[in-house]
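Listed below are the residues making up each chain.
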Amino acid sequence: MNEQLYGDALHELAPLFAIDALEPDERAAFEEHLAGCTRCQAEVADFAEVTAHLAAGAAQEPPAELRASVLGAIHGTRPRSVPQAEEDPGSPAAQVAPPVPLHTRRLRPLLLAAAAAALLLPAAGLAGWALGMQSEQRQQEEAADQQQQRQDRLLAAPDLSVQRLDVDGQPATLLFSEEQDSALFVAEGLPDPGPDREYQLWLLEDGTPVPDVHFAGGEIQVWLTGEVSQAGTVALTVEPTGGSTTPTFPLLAAADI
């Protein structure tokens, strides 16, 4: 009976069936049709797979008002049924009005697919956001692990050297291993170097200053980037923001390594 009532338009309902957006009479008709239609079974399976994937990536569902607005737009495209005034009041049709055949509503597959996509887009956005957050968190965790492993290797170096420095009355520490060609500068609270100014470390190789890392004040933990095993001294100055190629005197601190 439903096949005769709705006709070929039942094929068009697969997208909305997959996202549970059909009206009760449409759903009943489509479920009856679906049992014997391999084409619709395949389409529903495809849409269900996409929906499940998006739901797994985002815990939140699309807002109810979006679903209502999309369904309202779809239903607004359907021609209204024949006005009751045109029926014969005494006819059986006037007493029990049958549902409007779906094939007369001309619900186009593209419109249905667009509606399904509109309902799924918020979940897709949330899924992308969640995946991005997870990826960023993994990268941060990996970077923290690598940092910790590098520190552990330096602290375990048999030739580890620990140099205490004084930077404008604030303590700082330089950890150095020639064997590992690695040095770490640590300070808990360096004073603000001033507007448009930064601290900069220098490696003195045979008396020639080689620029290294530069950084702001506050809590500091930075690795020197140059060949520290070739240097005899590490010095600290204050330079313009972005660093300098030659040091600005006076030196704030220096340590032989």
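The paragraphs below set out a description of the structure included in this document.

Calculation criteria
- Residues numbered from 1 in each chain as written.
- Predicted model: local features only at pLDDT ≥ 70, side-chain atom pairs only at ≥ 80, totals over all residues.
- Heavy atoms only, no water.
- Helix = DSSP H or I, 4+ residues; strand = E, 2+ residues; numbered from the N terminus.
- Buried < 20%, exposed > 50% of the residue type's maximum accessible area, 1.4 Å probe, protein only.
- Contact = heavy atoms within 4.5 Å.
- Areas by Shrake-Rupley, 256 points an atom, 1.4 Å probe, with all protein chains shown as cover.
- Pairing = 2+ DSSP bridges.
- Phe/Tyr/Trp six-rings, centres within 6.5 Å; stacked < 30°, edge-to-face > 60°.
- Lys NZ or Arg CZ within 6 Å of the ring centre and 35° of its normal.
- Axes fitted to C-alpha atoms, helices over the stretch in contact; angles between N-to-C directions.

### A word on the overall build of the chain
- Across its full length, the chain carries seven helices and eight strands.
- With 257 residues in all, the chain has 33% of them scored as buried.
- Pairs at least 24 apart in sequence give 58% of the contacts found in the chain among residues at least 6 apart.
- For the chain, the exposed area adds up to about 15,200 Å²; of that, 54% sits on carbon and sulfur atoms.

### Looking at the pairing of strand β1 (residues 161–167)
- Here seven bridges tie β1 to strand β2 (residues 170–177), and the two strands are oriented antiparallel to one another. Counterpart to Ser161 in the pairing with β2 is Phe176.
- Linking two consecutive strands that pair antiparallel, namely β1 and β2, is a turn of two residues; a positive phi of about 50 degrees is found at Asp168 within it.

### Details of the packing of aromatic side chains
- According to the stated counting rule, one finds three aromatic pairs in the structure shown.
- By the ring-pair criterion, three or more aromatic residues cluster together here, those being Phe185, Tyr199 and Phe215.
- Above the ring of Trp223, the side-chain terminus of Arg150 is found at 3.9 Å from the ring centroid.

### Notes on the sheet that holds strand β4 (residues 197–205)
- The four strands lie next to each other as β5-β4-β7-β8, forming an open sheet whose pairing is antiparallel. Strands with a single pairing partner mark the edges of an open sheet, and in this sheet they are β5 (208–215) and β8 (253–256). Here the strands of the sheet are splayed against their neighbours by 30 degrees on average, with no regard to which way each runs.
- Judged from the six bridges that link them, β4 and β5 form a sheet pairing that is antiparallel. Residue pairing for β5: Trp202 is matched across the bridge by Pro211.

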